[in-house]
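Okay, here's what each chain looks like letter by letter:
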Amino acid sequence: MKTMRAFLIGILTVLCGSTVAKAQDVYLSVPENNIFNRSEFTSLPTRVMVNANRTNWDYAFFGLAPIAPTFTSVSGPTFTHATSSSTLPSSALLWQLESMGGQLPSTGFSGSLPGFQSFNTSAIRWFEPPGSIIFGGGFNKGNINFTFKIPGAQFAANAYRAGNYSMEILQNYNDFTPRNFKTILVIPASVRWVTTSLTKYIEISSLNDYRITGTQMFSLDNSEIAHTVDFNVWAKAAASNIQFTSSKGVPGTRSIGSIKLGSNGAGLTTKALSANFQNFSAANFSVVAGNRNSFTPQLYVSAEDFKNFFFEAGTYTFELNFNAASTDNSINSLQNTAVQIKVLPRSEITIPSSGRNVNFNFNTAAHYTNGQSQMIPSQIILSNNESFELYVKSDENYFKKGGLQTNINSNILQIGVEGSSVNATLSKTPQKLLFNGTPVLDRELNVRYTISPTGAQSLVGKENTTYSINVYYSFTAL
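Given the structure is predicted, the values throughout are model-derived calculations rather than measurements.

Participant: In this structure, what is going on with the overall build of the chain? I would like to understand it.
Facilitator: When helices and strands are counted, the chain shows 6 helices and 38 strands. In summary, the chain has a C-alpha radius of gyration of 44 Å against a globular reference of 23 Å for 478 residues, an excess of more than 25%. Taking the principal axes of its C-alpha atoms as reference, the chain extends roughly 160 × 50 × 30 Å. Buried positions account for 42% of the 478 residues belonging to the chain.

Participant: Sorry if this is basic, but what is going on with the packing of aromatic side chains here?
Facilitator: Two aromatic rings, taken as a pair, are described by how far apart their centres are and by the angle between their planes. As enumerated under the stated definition, the model contains 28 aromatic pairs in all. Geometrically, the ring pair formed by Trp-57 and Phe-176 is edge-to-face, given 6.5 Å between the ring centres and 85 degrees between the ring planes. Of the two residues, Trp-57 sits in the loop between strand S3 (46-51) and strand S4 (59-60) while Phe-176 sits in strand S13 (residues 176-177), which places them 119 residues apart along the sequence. The class for Trp-57 is buried, based on a relative accessible area of 3%. Among the residues examined, Phe-176 registers a relative accessible area of 0% and is labelled buried. Seen from their ring centres, Phe-71 and Trp-126 are 5.8 Å apart, and the 25 degrees between their planes marks the pair as stacked. With Phe-71 in strand S6 (residues 70-73) and Trp-126 in the loop between strand S10 (124-125) and strand S11 (142-150), this residue pair connects regions lying 55 residues apart in the sequence. Accessibility classification places Phe-71 together with Trp-126 in one group, the buried group. Members of the aromatic cluster, each reached through a chain of ring pairs, are Trp-57, Phe-71, Trp-95, Phe-119, Trp-126, Phe-127, Phe-139, Phe-146, Tyr-173, Phe-176 and Phe-181. The ring of Phe-116 carries the charged tip of Lys-149 above its face, separated from the ring centre by 4.4 Å. Above the plane of the ring of Phe-244 lies Arg-254, whose end atom (NZ or CZ) is 4.5 Å from the centre.

Participant: Honestly, the confidence of the model for the chain in this entry has me stumped. Any pointers?
Facilitator: Parts of the model with low pLDDT should not have their predicted coordinates read in detail. Counting all residues, the mean pLDDT for the chain is 92, and 94% of those residues have values of 70 or more. Considering only residues more than four positions removed or in separate chains, one finds that residues 1-22, a stretch of pLDDT under 50, has 2 contacts.

Participant: Can you walk me through empty space enclosed by the protein in this structure?
Facilitator: Take a probe with the size of a water molecule and roll it over the atoms, and the empty space left behind shows itself. For the structure shown, the criterion picks out 1 cavity of 30 Å³ or more. Of the pockets and cavities examined, the largest cavity occupies roughly 40 Å³. Lining the largest cavity we find Ser-197, Leu-220, Ser-223, Pro-297, Phe-322, Gln-335 and Thr-337. Residue composition of the lining of the largest cavity, grouped by class: 3 nonpolar, 4 polar and no charged.

Participant: Just to check I follow, could you spell out the pairing of strand S14 (residues 180-187) for this structure?
Facilitator: Residues in a regular strand point their side chains to alternate faces of the sheet. As judged from the 4 bridges shared by strand S1 (residues 26-29) and S14, these two strands associate in the parallel manner. In the sheet register, Val-26 faces S14, and the bridge partner there is Thr-183. Note: strand S12 (residues 163-171) against S14, 8 bridges, orientation antiparallel. Bridge pairing in S14 links Tyr-165 to Leu-185.

Participant: Looking at this structure, I do not really get the layout of surface pockets. What am I missing?
Facilitator: By volume, the largest pocket is sized at about 870 Å³. Considering the residues around the largest pocket, the lining is formed by 31 residues, among which Val-358, Phe-360, Phe-399, Tyr-467 and Ser-468 are closest to the centre. Residue assignment for the lining of the largest pocket shows that the elements contributing at least two residues are strand S37 (440-451) and strand S38 (471-477). Residues belonging to the lining of the largest pocket are distributed by class as follows: 17 nonpolar, 11 polar and 3 charged.

Participant: Just to check I follow, could you spell out the pattern of salt bridges for this structure?
Facilitator: When the charged atoms of two side chains lie near each other, side chains of opposite charge can form a pair. Summed over the entire model, instances satisfying the criterion amount to 13 salt bridges. Residue Arg-125 is joined to Glu-128 by a salt bridge in which the shortest nitrogen-to-oxygen separation is 2.9 Å. Overall, the relative accessible area of 43% leaves Arg-125 in the partly exposed class. Looking at Glu-128, the relative accessible area reads 25%, which means it is partly exposed. Arg-211 is paired through a salt bridge with Asp-442; the nearest N and O atoms lie 2.9 Å apart.

Participant: What exactly am I supposed to notice about the sheet that holds strand S26 (residues 297-301) here?
Facilitator: The strands that make up a sheet are held in pairs by hydrogen bonds between backbone atoms, and each pair lies either parallel or antiparallel. Ordered in space as S17-S26-S22-S23, the 4 strands form an open sheet in which the pairing is antiparallel. Unpaired on one side and paired on the other, strand S17 (216-219) and strand S23 (271-272) mark the two borders of the sheet. Relative to S23, strand S22 (residues 260-263) runs antiparallel, the two being bridged by 2 bridges. Residue pairing in the sheet places Lys-260 in a bridge with Ala-272 of S23.

Participant: Looking at this structure, I do not really get the sheet that holds strand S31 (residues 388-394). What am I missing?
Facilitator: The 3 strands are arranged S36-S31-S38 in an open sheet whose pairing can be described as antiparallel. What marks the edges here is a single partner per strand, and that holds for strand S36 (431-437) and S38. Direction aside, neighbouring strands of the sheet carry axes that sit 20 degrees apart on average. Of the pairings in the sheet, the one linking S31 to S36 comprises 4 bridges and is antiparallel in character. Counterpart to Leu-390 in the pairing with S36 is Leu-434.

Participant: Help me understand the side chain of Ser-73, please; the structure alone is not making it clear to me.
Facilitator: With respect to the helices and strands, the residue Ser-73 is situated in strand S6. A distance of 2.5 Å separates the side chain of Ser-73 from the backbone oxygen of Gly-76, its partner in a polar contact.

Participant: Is there a simple way to think about the pairing of S22 in this case?
Facilitator: Where S22 and S26 come together, 4 bridges link them in antiparallel fashion. Note that in S26 the partner of Gly-262 across the bridge is Gln-298.

Participant: What should I look at first to understand the environment of Leu-97 in this one?
Facilitator: With respect to the secondary-structure elements, Leu-97 resides in strand S9 (residues 94-100). A relative accessible area of 3% means that Leu-97 is categorised as buried. Note: C-alpha distance between Leu-97 and Ile-144 (47 residues apart in sequence) is 7.8 Å. Setting aside residues up to four positions removed in sequence, Leu-97 forms contacts with Leu-104, Pro-105, Leu-113, Trp-126, Phe-127, Ile-144, Asn-145 and Phe-146.

Reading the values: rules and limits
- Residues numbered from 1 in each chain as written.
- Predicted model: local features only at pLDDT ≥ 70, side-chain atom pairs only at ≥ 80, totals over all residues.
- Heavy atoms only, no water.
- Helix = DSSP H or I, 4+ residues; strand = E, 2+ residues; numbered from the N terminus.
- Rg over C-alpha atoms; globule rule 2.2 N^0.38 Å.
- Buried < 20%, exposed > 50% of the residue type's maximum accessible area, 1.4 Å probe, protein only.
- Phe/Tyr/Trp six-rings, centres within 6.5 Å; stacked < 30°, edge-to-face > 60°.
- Lys NZ or Arg CZ within 6 Å of the ring centre and 35° of its normal.
- pLDDT = per-residue confidence, 0-100.
- Contact = heavy atoms within 4.5 Å.
- 1 Å grid on protein atoms, 1.4 Å probe; cavity = no way out; pocket = protein on both sides within 12 Å on 5 of 7 lines; lining within 4 Å.
- Points joined across faces, edges and corners; volume = space filled by probe spheres on them.
- Nonpolar A, V, L, I, M, F, W, Y, C, P; charged D, E, K, R; others polar.
- Pairing = 2+ DSSP bridges.
- Salt bridge = Lys/Arg side-chain N within 4 Å of Asp/Glu carboxyl O.
- Axes fitted to C-alpha atoms, helices over the stretch in contact; angles between N-to-C directions.
- Polar contact = N/O pair within 3.5 Å; in protein donor to acceptor, adjacent residues only side chain to side chain.

This is how it looks when you write it as structure tokens:
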């Protein structure tokens, strides 16, 4: 019997040891949508402890003073991150008792259920039992469940880094297990574009834009990225060439390398675009309070390239591919932006004040015999961003004297430009001076005016006075 008794005690010892509850940590997985949208997170009822034996609270002093159940943080005032120095304040997580054994415990006449509160290094009561055991209320055995929530304002105020944040909690009732547990906030690893700039339209409507000596800059509007991990911004063009269609429907290409990408601040470095992904981040974008980083991408074109490659009227289109990728490249988020630069047809003819009057003086016999010719340097300054032809005409078919028409025909005057063999006879009908002109900015033309010997001789015998006629220059787009 002695041997048997010892044997039975040994068995009982083993069985009792096997029923001791192991510490269970409370894991709360926080969805990325709540973090990124800064919207309140509320958990489902979550088991925190198990009550296998009790049905009533402890009371001291002859049952007149209840011992309230409490939580105390024994790891400090903050949630600490498992793999970094990042922390979250205890106020980031609120909790409230949801049920004990399937329902809330009785509050009796004087008990109460506290509202949502946060952990503290001091003991925080999670239920207020009735003030006397005589008027007390009990509770059911079973799971002790709590509801947890994170207010939206906490997502805006704190930085939630991917990984686990934990705080170790001690509770004061021996019959509730476990006595110690960790409350762990599980933050997913994610990167997501918040803004969606899928298209960008840029319009160039003035030739003065091409006269600027500095770099041209075009903003692609603000970009905002929500993230729980550090990331870099990568970018490329979808193709190595910009597609061009002239205002007349003629296709062409431009090199994408003539455009650089940067930002309005220190967020991105400025580099020429290519068809291969490049890291444009000046430094890693770190997780910050609110879990969002923003920057404004900008396109840059040098003044020379802008005139050489983007002057012709038409539409220039290309697509940018952006990739916000975690620093270890394990996760990423893509966004594409289609860029269209439209250059409107524009043309200008400028005649400087110094070249607005052309005077022929006939005061010698040689003038009438041989005729006269004058070259007016830089009399016309042309700008046209389409293929064009240049025309000249007069306002009337005859010269005027004192505002009155004479019989001196406009055709005595011929007009041409230096470098061209064309001499247009002046008339009220437009005459072509330049053929197949290509897009040009501020081209200066030396204009040649000629009165032939025949035309000069037709002036013999005319009244000695001043005769005038107005000359007009115009474009026709091809």
